[in-house]
Amino acid sequence: MAEAHQAVGFQFTVTPDGIDLHLSREVLKHIYLSGVTSWIKRAIRFKSLVKMFSGRRPLLYSFQASLPRLPVPSVDNTITRYLESVRPLLDDEQYNQMEVVANDFKRDEAPKLQKYLILKSWWATNYVSDWWEEYIYLRGRSPIMVNSNFYTMDLLYVIPTHRQAARAGNVVHAMLQYRRKLERGEHAPLRALGVVPMCSYQMERMFNTTRIPGIETDFVQHLSDRKHLVVYHKGRFFKVWLYYGGRHLWPSELETQFQRILDDTTEPQPGELKLAALTAGNRVPWARARLKYFSQGVNKASLEAIETSAFFLTLDDEAHGYDPDKLRSLDLYAKSLLHGKCYDRWFDKSFTLIAYKNGKLGVNAEHSWADAPIVGHMWEYVLATDCFHLGYTEEGHCKGDINKGLPPTAKLQWDIPLECQEVIEDSYMVAKEIADDVDFHGCLFDVFGKGLIKKSRTSPDAFIQLALQLAQFRDKGEFCLTYEASMTRMFREGRTETVRSCTIESTAFVRAMDDKNTKSAQRLDLFRKAADKHQNMYRLAMTGSGIDRHLFCLYIMSKYLNIDSPFLKQVLSEPWRLSTSQTPQQQLNMVDINKFPRYVGAGGGFGPVADDGYGVSYIIVGENLITFHISSKFSSPETDSYRFGQNIRQAMLDIRALFDQNDKKDVMSRQTERSL
């Protein structure tokens, strides 16, 4: 979802020294370490498989060992398809220059880089994923709030209880149930289109995981079963035990504990209120502060409690959610989930659960450990369990008895010196500037949805992507390099690939839409060609034949080998001014949304990608609703998220009109035939 932002801002920092022989050894060392890491993962996973196969029916990891490796595409295919992707964006002179540079690369540098890359693909489980995690995410030194983290919203229309502590109690309990099933491998295997097995590796780090800051690079710390979580409320941090007498706390018991925190009137300790802003600002000051001020005493113990917790919970003192009577309710809800006050989410945790005072929920997720569909899988389970299995009393409390013998929650203690408080304030100011610049618009498109699009014999995703191209051209008067995230989880440890949605075919269609001399039938024909092209590119990306991860890894390899490549420099520096992603829904099918149409999710989104571009996440909800989450920057005079939302809406309607006109002609034609 948000990886496009990191890919755009990618800067390589490894500079191995020595002669060519030493450089080759450096590469081989990294290839070797990738393989060792892969084999360690396999050994851990094998233990899980043994446990599963000892039972009656293996589930989550049943197909893991049989998944194929991600293939390394040929250089010829990658260069050819790259040149095709940039052709509509360059004039003849620019394209001819790029063609020369690309062919020089194919002839000179590429053979050696490809050889080492193929070697890595033989040894490591996945030739992309470890470098993607390290160089796109963990080595980034800029703030991860807005720039990398993403958010997921609650149910769009329903709030099952307005009691904040009760809603948090049910949902935390549901999360513990999900975690237990995850640890036991009891979830059903993930399948693409309900048939093709997908990799489940990313799910392993969902809980008990924290991104730890470092001077040059961060690392992901994942622990075994953690028995507590940390709660933030009005500037105070509380440690809450999740087990009692060897079992999970019941929802009613969790509600009691959370209500105690809400009722606590003590003031934050000096420096405690904005402490989490350290995780929202630049990574190096946070890493240095962590070493200097949190390496001993109460600060070390309290920070360790946060970083080793199952996850992080914020009992927010604001009310948010979609309200059709309030124009900007969805916009403010999204901004709250994405960045909050810049100090009331622990952005380094694998995810922060946010419970608002009106009973609404949401999640802010760190991106390095997994992609959005993984969080979405957990979130679907949790919301369905909350509403349809656990439920609430008539008064809105959690069901079950209240155990008055529960140990009290423990306030975390801090001794934060003035020098550290200054670092916290500096991080807060950096984060606040980023947050204040986020221009967000949530757009509910309910004129038609997947049902009508499919009747037109068109892929809903292709339909929406072409609408986005039309909206982009009308918004800015030009085309741009467009990033659509696709998944490669049909391969072992696969994550994402890029679909370059701005194509020769899509630009021809868009130009025809605003050309008064082009007839409706011609426009429809161009639309179908562009949609077919998009579907084919999406299939190629999903099946390991995408080009961008291959180019990325060739670039990494060129840095290790100290090979200067003007072509790769150009490719990796090109801005993605339109970054898009579809949020999957109904991964688990726990709720029949035809029977319960109001129990639909609102999807999620991410921050603006380029300074002068748009980030667009969308979710196709049931048959008649598509929700768009649009972000940009107020500081750019070229963008306006609300305006872009209106352009998307009009583009969707205009494309539908093509089919309506075609249907009318078909009806008239049939009537004429009958009369003859």
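Each value, and the rule that gives it
Residues numbered from 1 in each chain as written. Predicted model: local features only at pLDDT ≥ 70, side-chain atom pairs only at ≥ 80, totals over all residues. Heavy atoms only, no water. Pairing = 2+ DSSP bridges. Helix = DSSP H or I, 4+ residues; strand = E, 2+ residues; numbered from the N terminus. Axes fitted to C-alpha atoms, helices over the stretch in contact; angles between N-to-C directions. Buried < 20%, exposed > 50% of the residue type's maximum accessible area, 1.4 Å probe, protein only. Expected span 1.5 Å × (residues − 1). Contact = heavy atoms within 4.5 Å. Parallel < 35°, antiparallel > 145°, perpendicular 65-115°, else oblique. Nonpolar A, V, L, I, M, F, W, Y, C, P; charged D, E, K, R; others polar. Core = buried A, V, L, I, M, F, W, Y, C linked by side-chain atoms within 4.5 Å. Domains from an automatic or database assignment. Phe/Tyr/Trp six-rings, centres within 6.5 Å; stacked < 30°, edge-to-face > 60°. Lys NZ or Arg CZ within 6 Å of the ring centre and 35° of its normal. Polar contact = N/O pair within 3.5 Å; in protein donor to acceptor, adjacent residues only side chain to side chain. Salt bridge = Lys/Arg side-chain N within 4 Å of Asp/Glu carboxyl O. pLDDT = per-residue confidence, 0-100.

A.B. asks: Provide a residue-level description of the sheet that holds strand β16 (residues 496-500), including the pertinent values.
C.D. replies: Taken together, six strands build an open sheet; the order of strands is β14-β20-β19-β17-β15-β16 and the sheet is mixed. Two strands close off the open sheet at either side, each with one partner strand: β14 (438-445) and β16. Mean inter-strand twist for the sheet, computed between neighbouring axes without regard to direction, equals 20 degrees. Strand direction decides the pairing type here: β14 and strand β20 (residues 625-633), joined by eight bridges, are antiparallel. Note that in β20 the partner of F445 across the bridge is I626.

A.B. asks: I'd like a description of unusual backbone geometry, backed by residues and values.
C.D. replies: With the exception of glycine, most residues fall at negative phi, and the peptide bonds are largely trans. Positive phi values are uncommon outside glycine, yet N208 reaches one of about 60 degrees. Position of N208 among the secondary structure elements: in the loop between β3 (196-197) and β4 (209-212). Residue classification places N208 among the buried residues on the basis of a relative accessible area of 3%. The phi torsion at K234 lies on the positive side, around 50 degrees, for a residue other than glycine. Relative to the elements of secondary structure, K234 occurs in the loop between β6 (228-233) and β7 (236-241).

A.B. asks: Tell me what's going on with helix α15 (residues 460-476), and back it up with residues and numbers.
C.D. replies: Compared with the 24 Å implied by 1.5 Å per residue over 17 residues, the 24 Å span of α15 between its first and last C-alpha is a close match. Of all 17 residues that make up α15, 16 are buried, and the element is covered over most of its length. With its phi angle positive at about 75 degrees, G477 sits one or two positions after the end of α15.

A.B. asks: Residue-level account of the sheet that holds β7, with values.
C.D. replies: The strands that make up a sheet pair up through hydrogen bonds in the backbone, lying either parallel or antiparallel. One open sheet holds the eight strands; their spatial order is β13-β7-β6-β10-β11-β12-β1-β18, and the pairing between them is mixed. Each of the sheet's edge strands pairs with one partner strand only, and the pair in question is β13 (410-411) and β18 (604-606). Against the sheet, helix α7 (residues 164-183) makes contact with β6, β10 (312-315), β11 (351-355) and β12 (361-365), and its axis sits at roughly 150 degrees relative to β11, the strand it touches most.

A.B. asks: I'd love a proper account of the packing of helix α3 (residues 75-86) against helix α4 (residues 92-107), names of residues and values included.
C.D. replies: Closest axis-to-axis distance for the α3/α4 pair is 11 Å, and the angle between their directions is 170 degrees. One finds that α3 runs roughly antiparallel with respect to α4. Listed contacts from α4 to V75, D76, I79, Y82 and L83 of α3 are Y95, M98, E99, A102, F105 and K106. Classifying every residue of the contact of α3 with α4 gives eight nonpolar, no polar and three charged.

A.B. asks: Which residues make up the nonpolar core, and what values do they have?
C.D. replies: Core analysis: the biggest nonpolar cluster contains 57 residues, and V172, M175, F258, L353, M378 and W379 have the highest contact counts within it. The element that contributes the greatest number of residues to this core is helix α12 (residues 372-390), accounting for ten residues. Mapped onto the domain boundaries, this core takes at least three residues apiece from domain 2 (75-133 + 440-674) and domain 3 (142-438). Among all residues touching M378, those that are not within four sequence positions of it are M175, Y178, M206, F207 and F351. Among the nonpolar cores identified, the runner-up in size contains 51 residues, and V146, F312, C420 and V621 belong to it.

A.B. asks: Can you lay out the environment of T161 for me, pointing to particular residues and giving the numbers?
C.D. replies: Mapped onto the elements, T161 comes out in the loop between β1 (150-153) and α7. Judged by relative accessible area, T161 falls into the buried class, the value being 4%. The spatial distance from the C-alpha of T161 to the C-alpha of C398 is 9.2 Å, given a sequence separation of 237 residues. The residues touching T161, leaving out its near neighbours within four places in the chain, are A166, R167, N358, G359, Y392 and G396.

A.B. asks: How would you sum up the pairing of β6? Please name residues and give values.
C.D. replies: Most of β6 is tucked away, with six of its six residues classed as buried. Burial along β6 is two-sided: H228, V230 and Y232 and L229, V231 and H233, pointing in opposite directions, are all buried. Alignment of β6 against β7, held across six bridges, turns out to be antiparallel. Counterpart to L229 in the pairing with β7 is V240. Taking the residues between adjacent antiparallel strands as the criterion, β6 and β7 are bridged by two residues, where K234 takes a positive phi near 50 degrees.

A.B. asks: Which residues make up helix α8 (residues 251-263), and what values go with them?
C.D. replies: In this model α8 runs 18 Å from its N-terminal to its C-terminal C-alpha over 13 residues, within 8% of the 18 Å that 1.5 Å per residue would give. Among the residues making up α8, those that are buried are P251, S252, E253, L254, E255, T256, Q257, F258 and I261. Those residues of α8 hidden inside the fold are in contact with α7, β6, β7, β9 (247-248), β10 and α12.

A.B. asks: Lay out the packing of aromatic side chains with the relevant residues and their values.
C.D. replies: Taken as a whole and assessed by the stated rule, the structure comprises 34 aromatic pairs. Pairwise contacts between aromatic rings join Y232, F237, W286, F294, F312, W346 and W414 into one cluster. Positioned above the aromatic ring of Y116, the side-chain terminus of K115 is 5.5 Å from the ring centre. Lying over the aromatic face of Y243, K227 brings its terminal NZ or CZ to 5.3 Å of the ring centre.

A.B. asks: Go over the pairing of β16, please, and point to the residues and values.
C.D. replies: Residues in a regular strand point their side chains to alternate faces of the sheet. For β16, the tally of buried residues reaches five of five residues, placing the bulk of the element in the interior. Here β16 shows no split at all, with T496, T498 and R500 on one side and E497 and V499 on the other all buried. The pairing of strand β15 (residues 482-487) with β16 spans five bridges and is classified as antiparallel. Across the sheet, the residue bridging to M487 is T496, located in β16.

A.B. asks: Describe in detail the side chain of K633, supporting the description with residues and values.
C.D. replies: Residue position: K633 is located in strand β20. Separated by 2.6 Å, the side chains of K633 and D611 make a polar contact.

A.B. asks: I'd like to hear about the pattern of salt bridges, residue by residue, with values.
C.D. replies: Evaluated as defined, the whole model comprises 39 salt bridges. A salt bridge links K432 to D436; the shortest N-O distance between them is 2.7 Å. Of this pair, K432 and D436 both sit in helix α13 (residues 418-436), separated by four residues, roughly a single helical turn. For K432, a relative accessible area of 31% corresponds to the partly exposed category. For D436, a relative accessible area of 47% translates into the label partly exposed.

A.B. asks: Quick rundown of the packing of helix α6 (residues 129-138) against helix α18 (residues 548-560)? Include the residues and the values.
C.D. replies: Here α6 crosses α18 at 75 degrees, and the two axes come no closer than 11 Å. The orientation of α6 with respect to α18, classified from their angle, is roughly perpendicular. Contacts between α6 and α18 pair W131, W132, Y135 and I136 from the former with R549, F552, C553, I556, M557 and Y560 from the latter. For the contact of α6 with α18, the class distribution of residues is nine nonpolar, no polar and one charged.

A.B. asks: How would you summarise the confidence of the model for the protein if you had to cite specific residues and measurements?
C.D. replies: Per-residue confidence for the protein gives a mean pLDDT of 91; residues scoring 70 or more make up 89%. Note on residues 8-23: pLDDT is under 50 here. Beyond four places in sequence and across chains, it has 27 contacts.

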